[in-house]
Amino acid sequence: MSVPNAALQRLRLRTELRKARTAARLTQRQVASKMEWSPSKLIRIEAGEVGISVNDLRPLLDAYGIRDRRKIDELLDLARGSRRMPYSEYRDLYRKEFLEFLSLESSASIIRHYGAMVVPGPLQTEEYARAIMLSYNKSISDERLERGVEVRLARQELLTSGGRELFYVLDEAVVRRHVGGRGVMRAQLERLAELAARPGVTIQILPFSIGAHAGIQGPFSHFEFEADEMPDSLYLENPRGDSYTTNAPDETGRYLERFWELEDLAIKDDIGTLLRALADRMEDGRDDLETLLGNATPVEAAVAQE
C-alpha cells in the first residue's frame, strides 16, 4: 500500500466513522463512555490525528449498529491500510496541523496553491529550501535542518507521479525575493522555468501591477481527490504559523473561486521565458529596487525585454 493511499484511506475512514456515529444518534461523549475510552481518543480518531486498530474498530462498529458484513470488511480494510501515514517519522519536527496538510497533499489528485511570499515546498531547490528554513529559525540544529530539507525534497514526488494536476499561482514577491542570495535564487527561478514546462504542472505569476487582490489575505492550498465520496479540503496558514484545515463545502468552494480569480489576473503565457529573463536580471543586478523606481515592475519589464 503506497503512502498516499494510506493517507487517503485514513481520510475516508474518519469520514465514514463520523457518518456512522451521526446515523446512530450518538455523541462523542456517549461513544467514549460505551467504549471505555477517554473522549480525546475518539476526537483524535475522528479528526484523523491518529489511526485506529482493527481490535478497536470492531467493537466501535458494533456500538454504531453496523452489522452488514461487507461494510464491516470495507472499514476494517481501510483501518489496516491507513496505519502507515506519510511523514509520520517527522512528528517531532512538525505540528500535527502541518502533518495533516502533508497527508492531504500526498493524497490529492488536483492541487491548487496560491503562494504569497515563498516558493511552495514541492517546487523548491535544495539550496532554497535550506535557506528558507534557516531564515525561519537561525538556531536550528544541523540535524533538524537536514531532516526538514528531506521532507521538502520528498514532496517533489508529486511532480513525477502521474495522474495529478498541479496548479500554482505565485505572487511576484515570490520570484523577486533574494532567498539565499543571487546565485541560489537564480537557480530557483531556472528550476521553476523547467517545472513549468512539465505536463500536469501549471505555474502562473501574479504581477505587482494588478494592485490589491483577494490573495493578499494569505497563502492557501485547495485539494481535490479522485474518490468521488471524498470532499474537497482547504488548508490556510498565516504569518504567525497558525493553520486551519477544513472540508466544509462553503469554505472550500469560496477559496476555489478565489483561486480561479487569481488565475484570471495572473500572467500565464511564456512563463518559462519570463522566469529565465528574471533569472538573468537577478544575476546582473538589474532587479534592484533602486534601479527600477519609476519603471515597470520587474515582471512586466522581463516580458517587454523578451
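None of these values were measured; they are calculated from a predicted model.

**Observations regarding the environment of S141**
Mapping S141 onto the fold places it in the loop between α7 (126-136) and α8 (142-154). The class for S141 is partly exposed, based on a relative accessible area of 34%. Reaching out from S141, the side chain makes a polar contact with the backbone nitrogen of R144 at a distance of 3.2 Å.

**What about the packing of helix α2 (residues 28-35) against helix α3 (residues 39-46)?**
Between α2 and α3, the shortest axis-to-axis distance is 8 Å and the interhelical angle comes to 115°. Where α2 crosses over α3, the two elements pack in a sense that is right-handed. The segment α2 lies against α3, with Q28, R29, V31 and A32 engaging P39, L42, I43 and E46. Taken together, the residues that form the contact of α2 with α3 break down as five nonpolar, one polar and two charged.

**Regarding the packing of aromatic side chains**
Enumeration over the complete set of coordinates arrives at eight aromatic pairs. Centre to centre, the rings of Y94 and F98 are 4.8 Å apart; their planes meet at 50°, and the pair counts as tilted. The pair formed by Y94 and F98 is uniform in burial state, with each residue classed as buried. The ring of Y255 carries R258 above its face, with NZ or CZ at 4.5 Å from the centroid.

**Points about the pattern of salt bridges**
According to the stated counting rule, one finds 19 salt bridges in the structure shown. Taking the shortest distance from any N to any O, the salt bridge between D92 and R147 comes out at 2.8 Å. Here D92 is found in the loop between α5 (69-81) and α6 (96-107), whereas its partner R147 is found in helix α8, with 55 residues between them in sequence. For R147, a relative accessible area of 16% puts it in the buried group.

**Comments concerning the nonpolar core**
Counting 51 residues, the largest nonpolar core has L189, L192, I203 and L275 as the members making the most contacts within it. With sequence-adjacent residues up to four places away left out, I203 is seen in contact with L123, Y168, L170, L192, L195, A196 and I271. Judged by nonpolar contacts, the second largest core, of 21 residues, contains L17, A20, M35 and L76.

**As for α2**
Regarding α2, the residues found buried are V31, A32 and M35. The buried residues of α2 occupy an angular sector of 100° when projected down its axis, which confines them to one face. Facing away from the buried side of α2 by over 90 degrees, the exposed positions are R29, S33 and K34. Just beyond α2, the residue with positive phi is E36, at close to 60°.

**Here's the deal with the packing of helix α10 (residues 182-196) against helix α12 (residues 271-284)**
Relative to each other, α10 and α12 sit at 170°, their axes nearing to 8 Å. As the angle between them shows, α10 and α12 are arranged roughly antiparallel. The segment α10 lies against α12, with R182, M185, R186, L189, E190, L192, A193, E194 and A196 engaging I271, G272, L275, R276, L278, A279, D280, M282 and E283. By residue class, the composition of the contact of α10 with α12 is 10 nonpolar, one polar and seven charged.

Criteria and cut-off values
- Residues numbered from 1 in each chain as written.
- Predicted model: local features only at pLDDT ≥ 70, side-chain atom pairs only at ≥ 80, totals over all residues.
- Heavy atoms only, no water.
- Helix = DSSP H or I, 4+ residues; strand = E, 2+ residues; numbered from the N terminus.
- Buried < 20%, exposed > 50% of the residue type's maximum accessible area, 1.4 Å probe, protein only.
- Polar contact = N/O pair within 3.5 Å; in protein donor to acceptor, adjacent residues only side chain to side chain.
- Axes fitted to C-alpha atoms, helices over the stretch in contact; angles between N-to-C directions.
- Left-handed = near helix turned anticlockwise from the far one by under 90°.
- Contact = heavy atoms within 4.5 Å.
- Nonpolar A, V, L, I, M, F, W, Y, C, P; charged D, E, K, R; others polar.
- Phe/Tyr/Trp six-rings, centres within 6.5 Å; stacked < 30°, edge-to-face > 60°.
- Lys NZ or Arg CZ within 6 Å of the ring centre and 35° of its normal.
- Salt bridge = Lys/Arg side-chain N within 4 Å of Asp/Glu carboxyl O.
- Core = buried A, V, L, I, M, F, W, Y, C linked by side-chain atoms within 4.5 Å.
- Arc of directions from axis to C-beta.
- Parallel < 35°, antiparallel > 145°, perpendicular 65-115°, else oblique.

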